Structure formats: C-alpha cells, structure tokens
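Chain by chain, the residues run as shown.
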Amino acid sequence: MNFPAELKYTKDHEWIKIIDDKTALIGITNYAQGELGDIVFVDVPTVGKTLNAEDVFGTVEAVKTVSDLFLPVEGKILEVNSALGNNPELVNSDPYGEGWMVKIEMNNAADLDNLLSAEAYEQLVS
Amino acid sequence: MKHTPFTQKHIALGAKMAEFAGYNMPISYTGINDEHAAVRNNAGVFDVSHMGEFILKGENALDLIQRITTNDASKLTNGKAQYSCFTNNKGGIVDDLLVYCIEENKVYMLVVNAGNIAKDWNWVVQHNSNNVELHNISDKTGLLAIQGPNATKILQPLTDIDILNLKYYTFVKGTFAGVENVLISATGYTGAGGVEIYFPASSSDREDKEDNADKIWNAIFEAGRAENIKPIGLGARDTLRLEMGFCLYGNDIDDTTSPLEAGLGWITKLNKPTAFTAKEIIEKQKAEGIKRKLVGFEMIDRGIPRHDYAIKDAEGNTIGKVTSGTQSPSLGKAIGMGYVAVDNAGLDNEIFIDIRGRLIKAKIVKMPFA
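Residues numbered from 1 in each chain as written. Chains lettered and ligands numbered in written order. Predicted model: local features only at pLDDT ≥ 70, side-chain atom pairs only at ≥ 80, totals over all residues. Heavy atoms only, no water.

Looking at this structure, I do not really get the sheet that holds strand S8 (residues 75-80) of chain A. What am I missing?
In any sheet, the strands associate via hydrogen bonds between backbone groups, in a parallel or an antiparallel arrangement. Residue and element names in this part refer to chain A. Sheet architecture is open: 6 strands sit in the order S1-S2-S3-S9-S8-S5, paired in antiparallel fashion. A single partner strand is all that each edge strand has here, and the edge strands are strand S1 (8-9) and strand S5 (50-51). In this sheet, strand S9 (residues 102-106) lies alongside S8 in antiparallel orientation, the contact comprising 5 bridges. Looking across to S9, one finds that Glu79 is bridged to Lys103. (Pairing = 2+ DSSP bridges. Helix = DSSP H or I, 4+ residues; strand = E, 2+ residues; numbered from the N terminus.)

Looking at this model, I keep getting lost on the interface of chain B and chain A. Mind explaining?
As a measure of interface size, the accessible area lost when the parts come together is often cited. Of the residues lining the interface, 17 residues belong to chain B; the matching set on chain A comes to 18 residues. Both sides of the chain B and chain A interface together cover about 1400 Å² of buried area, and 47% of this is carbon and sulfur. Three residues stand out in chain B for area buried against chain A, namely Arg302, Arg306 and Arg356 of chain B, and they jointly supply 39% of the buried area on that side. Summed over the shared surface of chain B and chain A, the number is 5 salt bridges. In this structure, the salt-bridge partner of Glu61 of chain A is Arg356 of chain B, at a minimum N-O distance of 3.1 Å. The interface formed by chain B and chain A holds 16 residue pairs in polar contact (both at pLDDT 80 or more) in total. Those elements that provide at least two residues to the side of chain B that touches chain A are helix H2 (32-41), helix H7 (234-244) and strand S16 (318-328) of chain B. Across the side of chain B that touches chain A, the residue classes tally to 3 nonpolar, 7 polar and 7 charged. (Contact = heavy atoms within 4.5 Å. Buried area = accessible area lost by both parts, 1.4 Å probe. Salt bridge = Lys/Arg side-chain N within 4 Å of Asp/Glu carboxyl O. Polar contact = N/O pair within 3.5 Å; in protein donor to acceptor, adjacent residues only side chain to side chain. Nonpolar A, V, L, I, M, F, W, Y, C, P; charged D, E, K, R; others polar.)

Would you explain the environment of Trp15 of chain A in this entry?
All names here are of chain A. Among the structural elements, Trp15 can be located in strand S2 (residues 14-18). Along the primary structure Trp15 and Thr29 are separated by 14 residues, whereas in three dimensions their C-alpha atoms are 6.1 Å apart. With residues up to four places along the chain from it excluded, the contact list for Trp15 reads Leu7, Lys8, Tyr9, Leu25, Ile26, Gly27, Ile28, Thr29, Pro95, Tyr96 and Trp100. At 3.0 Å, the side chain of Trp15 and the backbone oxygen of Ile28 are in polar contact.

Just to check I follow, could you spell out the sheet that holds strand S14 (residues 292-299) of chain B for this structure?
Residue and element names in this part refer to chain B. Strand order in the closed barrel formed by 6 strands is S14-S17-S16-S15-S18-S19, with antiparallel pairing between adjacent strands. Averaged over all neighbouring strand pairs, the angle between strand axes comes to 45 degrees, with direction disregarded. Where strand S15 (residues 310-312) lies against strand S18 (residues 350-355), 2 bridges are found, and the strand directions are antiparallel. Paired with Lys312 across the two strands is Phe352, which belongs to S18. Of the strands in this sheet, S16 and strand S17 (333-341) are in contact with H7, which crosses S16 at around 125 degrees. (Axes fitted to C-alpha atoms, helices over the stretch in contact; angles between N-to-C directions.)

Structure (structure tokens):
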C-alpha cells in the first residue's frame, strides 16, 4: 500500500496536499478507494462554500455504496476536479494524483497540525 | 456467521467478504464492474449455496404448493420449473421462489431466498394440513450459478446431459464433473443465460460432501480456464439482476407489497384450480385497480438512486420510494426501481429523486433496462 509522505491524512481516509500557504488539494486515500470499489460518481454540491473542519463537503458513490466526504481542515471549496465528471474511476486508478477531488482555500494552516502523518495513517489502516 | 461449502475458496481467492443473510459471502473479487462485464460478455460463477431448498413429497404435495403459491404449479411437468411467490394473509409477499417439478404430483423442490429460509419453512409447515412429507435440505445443498453467453459451452464437456440445448426454466438430474445426483437447471438471476447447478454438499462431518463441492468448483474453473471464466460476487449479482428489472426480496418486494403492485401479475394465477392464500384480496385489488406500481426509471440529471430515497413530483410532493438503484455497468447510467402512485407511473413520465435534499430529475422507462 502506498502512503505518500508529503500528504497529511484524516482518520476518515481523506488526504490533503499543500500547494502553497493558502491552497490545498483533497482526495481520498488508496486504502479508501480499495474499500469502496469501483467509484461511479463524486458529488460536490459545496463549491464556493466555506466549511469547518470535519464538515461534509460531498459524497463519493461506489456501485453499491455512498460515503460522505469530510473536509480535513476549515476552508472554502474553490473547485471540484472536473475530470471526475466523465472519469470518476480516476479516484480508483490514481487516488493521490489525477483522482483528487477538490481544491480548497485554507483558513488556518495551523489546522494541518491536527492531521495524521503518512506513518500514523498507515498504522491506522494496517 | 454461517458458511457455504465454498467460503474458504472465496477467502483464498482474495474476495471482499461480507455477511449476507447470515452467511459469510463474497461481495466482489476484482471489482463489480469487471465481474458484471464478465457475466454479460463471457461467463462467471456465483456461489449461491446460501439459498434455501425444500423438498415436498407425497400425493398432496402439489395441492399444498397450489394453496400457498400464486403461480399454477399444476401446469408443471417433470423437468420444468416456474417462478412464483408465497402470498401472506394480507396479500403481501412472504417470499419469491422457484418451484421445480421433479416428479409430477409426487416430488417438488422449492428454492427460496437465504434470508427467508426460516420464515418460509414455518409458512410451509404451518400450511401442511394434508401430510406432505417435508425436507429442508438447505444446509445439505450446494448451489452454483454459472451465467453468461459462454457458460453452457464451457460446462458441456463436464456432463452427458445436453445442457447446450436445455430450454429456459427446464432442468435435468444427472452426473456432473463426476458427482452424482446433480440437478442442472436453465435458470438464473442475470438475464445473461447459463445454468444453475444444485448438488449434495453438506456442512456435516461427512468428508465426501465437501469433496463434491471441491470437485465441481475445480472442474468448472479448469474447463473454463481457456475462456477465462471468473468467480463473481454478490455485488455484480445485484447490478446484473437490476439491469433486468428482476425483483430482490427485501428491496423491491416484501410482506407489504402485493404481487400486482410489483408487476408480478404474470405469475399470479387467479383462475387456477386451487385458490392461493389471500386470493380474494388480490382479486379485489385487480378489480378496483392498484394504487401504486413498481416502475423502472433512469436518471436524467446526475445522481445515483438508492434504496429508500423518496420519489417526488416536480412540485416536491412525495409520490413514492426507491426500492433499488445503482449505476448500471452495462449502460453507463444510473437506474432504479421504485413504487410510485399509479397516476405518476406512466412511461416517460418525469419524476424526481430526493438525493440528499436535492431533487434530481429522472424518467420512467421500460424494464428490462439493458
């Protein structure tokens, strides 16, 4: 299993990748996509909204199941990965890359300290 | 959790396992979409040994079946099977089932849903007022469904029974892969063609029973190796049946839905020689007209319908409820079934599915979907 060291993780199986001191990308982990199976729809009705850490920003639908997506840190949802519209399976094939879900503007970069390191997340799911 | 004769095989193959109807069952092996396509285009093997089988024997067996099931079992001759349902006293559905005529007027097999084995057995026993010999052989019976356009071709070398020409809803008993007393039935729950194979395989201490299951499983995968036959989990079983518009007990039909509402009028024989349970109620429903109806729909706007989501009209009034829904792997669009008020049930009628508080547009379509 793959746990990129430059990412931060949540116990709900999201990852966050810092782009600069304000913006970040969010997606779900390789473990999460494996548990969900074939992903068929990523639904993010919160673009433009500011949400708290751990708020639901959308849902990911696999063939059989629906799961909520939780925001790792407080911030504004700037955009959704439009490539997922026609190719939601990118979340399965490249969860840490092409399969990112939303770009956000963080309100407080210090929130990142509350998240799990790659090592801590790996322990959580192993 | 109970296990089937194949549970260890599924685990060894790396299947994602989960509890279903009290059994430890494979949900998927390589992915639902992949397994779904394998069955639609080639061949796949489902372990459905969790299903229940009852044997009814004796001169009154047919009479008992006629009294408790809606279809006309007196039409069955040796080697024929039919789809039917048990109605309860209110005209709801106790279970849907298959009735196999093994020996006309003497020996029948009922095949019921795993989750309803205890309920159905009690129902049959309770109505057995005329001394029919009843055997619940569910725990002693293995069942594999081999489905797909290439299924019978792959299996034919394993038996002398002419399965290539076995007609839909007929069956033959014989030897398969060296195992005796195997019942091969041209039935299934996928709409992809193929057979279902019942065989003696018990969880009892008799070692040879486990051997039967092993022999059959290994022979099938050996015979299908060149064709790349695949094991298929319950996830793809659900998407395959939903594309065909087949009802799933507990989702689309239950104790509160009538066969007429569920679109099962074709297996509800009001004029058969022996009346079935609550026939008067169903008759009245038919005369007065049903108020709600199970329909198929496809999503127009983006969203995936799921069991229990509300169905609404354009004004936001609730007109029904989703009973099954999924992203259809064959069609690449979201489809579902649900009960809606008859006034809203017309073909092409626009309906709205309440998905997490948003009304997402859908339209009523004909089933099967694929």
